[in-house]
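Next come the chains, spelled out residue by residue.
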Amino acid sequence: YWNSVYPSRGFEATNQPEEVHETKLSTTWAPSANMAATLYARVRYEENDTVKYEQTTFVPGFSVWYAPNNKINLTMAYNFSKQDTENRACVGWYHG
């Protein structure tokens with residue numbers, strides 16, 4: 001145990017990505033002065049080849065705003081979030 005685990009503790013290891021690629025898109029359509037609809041999406045990809053880490057995030061959504069008069073504003077929104085993470089790390093369990 002001593003000869004196989006402890007020398008490996010000196011290897012490079014991090015929880016931070018080496019590369020990050022992110023794209024955000026948003027568009028709004030306003031058919032009148034009291035109504036608007038917005039579509040948006042965010043895609044993010046992170047990786048670190050040294051520790052074999054990858055994370056992909058995909059977040060699309062939309063919102064609708066409507067003001068029937070000067071005293072009432074109504075907003076409805078939906079947001080979906082999907083994240084996949086792959087990390088090939090082995091964590092040792094230490095006793096004593």
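Quick note: structure is the one above.
Fair warning: this is a prediction, and the values are worked out from it, not measured in the lab.

1. Structural notes on a nonpolar patch on the surface
Together, Leu39, Val43, Phe58, Phe62, Val64, Met76, Tyr78 and Phe80 line one region of the surface with nonpolar side chains, adding up to about 720 Å² of accessible area. At 3 residues, the largest contribution of residues to the nonpolar patch is made by strand β3 (residues 53-69). Taking relative accessible area as the criterion, Leu39 reaches 54% and is therefore assigned exposed.

2. Some details on the packing of aromatic side chains
According to the stated counting rule, one finds 1 aromatic pair in the structure shown. Ring geometry for Phe62 and Tyr78: centres 6.2 Å apart, planes at 35°, overall tilted. Remark: Tyr78 occurs in strand β4 (residues 72-79) and Phe62 occurs in strand β3; sequence separation between them is 16 residues. The partly exposed category is assigned to Tyr78, whose relative accessible area is 45%.

3. Considerations on the pattern of salt bridges
Evaluated as defined, the whole model comprises 4 salt bridges. A salt bridge links Glu22 to Arg42; the shortest N-O distance between them is 3.0 Å. Within this pair, whereas Glu22 is found in strand β1 (residues 19-32), its partner Arg42 is found in strand β2 (residues 35-48), the two being separated by 20 residues in sequence. Of the residues examined, Glu22 reaches a relative accessible area of 36% and is grouped as partly exposed. Of the residues examined, Arg42 reaches a relative accessible area of 27% and is grouped as partly exposed. Of the charged contacts in the structure, one is a salt bridge between Glu22 and Arg44, with a shortest N-O distance of 2.9 Å. Of the two residues, Glu22 sits in strand β1 while Arg44 sits in strand β2, which places them 22 residues apart along the sequence.

4. Considerations on the pairing of β3
In regular strands, side chains alternate between the two faces of the sheet. In this structure, β2 lies alongside β3, joined through 14 bridges in antiparallel fashion. Residue pairing for β3: Tyr40 is matched across the bridge by Gly61. Linking β2 back to β3 in an antiparallel pair, the connection comprises 4 residues, with Lys52 at a positive phi of about 55°. Both β3 and strand β5 (residues 82-87) contribute to a ladder of 6 bridges, which runs antiparallel. Residue pairing for β5: Phe58 is matched across the bridge by Lys82. Taken together, β3 and the strand that follows it, β4, pair antiparallel across an intervening segment of 2 residues.

5. Notes on the environment of Thr56
Looking at where Thr56 falls in the secondary structure, it is placed in strand β3. Residues contacting Thr56, with those up to four places away along its chain left out, are Arg44, Tyr45, Lys82, Gln83 and Asp84.

Cut-offs and rules
Residues numbered from 1 in each chain as written. Predicted model: local features only at pLDDT ≥ 70, side-chain atom pairs only at ≥ 80, totals over all residues. Heavy atoms only, no water. Patch = residues over 30% accessible without salt bridge, like charges linked within 9 Å, V, L, I, M, F, W, Y side chains within 5 Å. Areas by Shrake-Rupley, 256 points an atom, 1.4 Å probe, with all protein chains shown as cover. Salt bridge = Lys/Arg side-chain N within 4 Å of Asp/Glu carboxyl O. Helix = DSSP H or I, 4+ residues; strand = E, 2+ residues; numbered from the N terminus. Buried < 20%, exposed > 50% of the residue type's maximum accessible area, 1.4 Å probe, protein only. Phe/Tyr/Trp six-rings, centres within 6.5 Å; stacked < 30°, edge-to-face > 60°. Pairing = 2+ DSSP bridges. Contact = heavy atoms within 4.5 Å.

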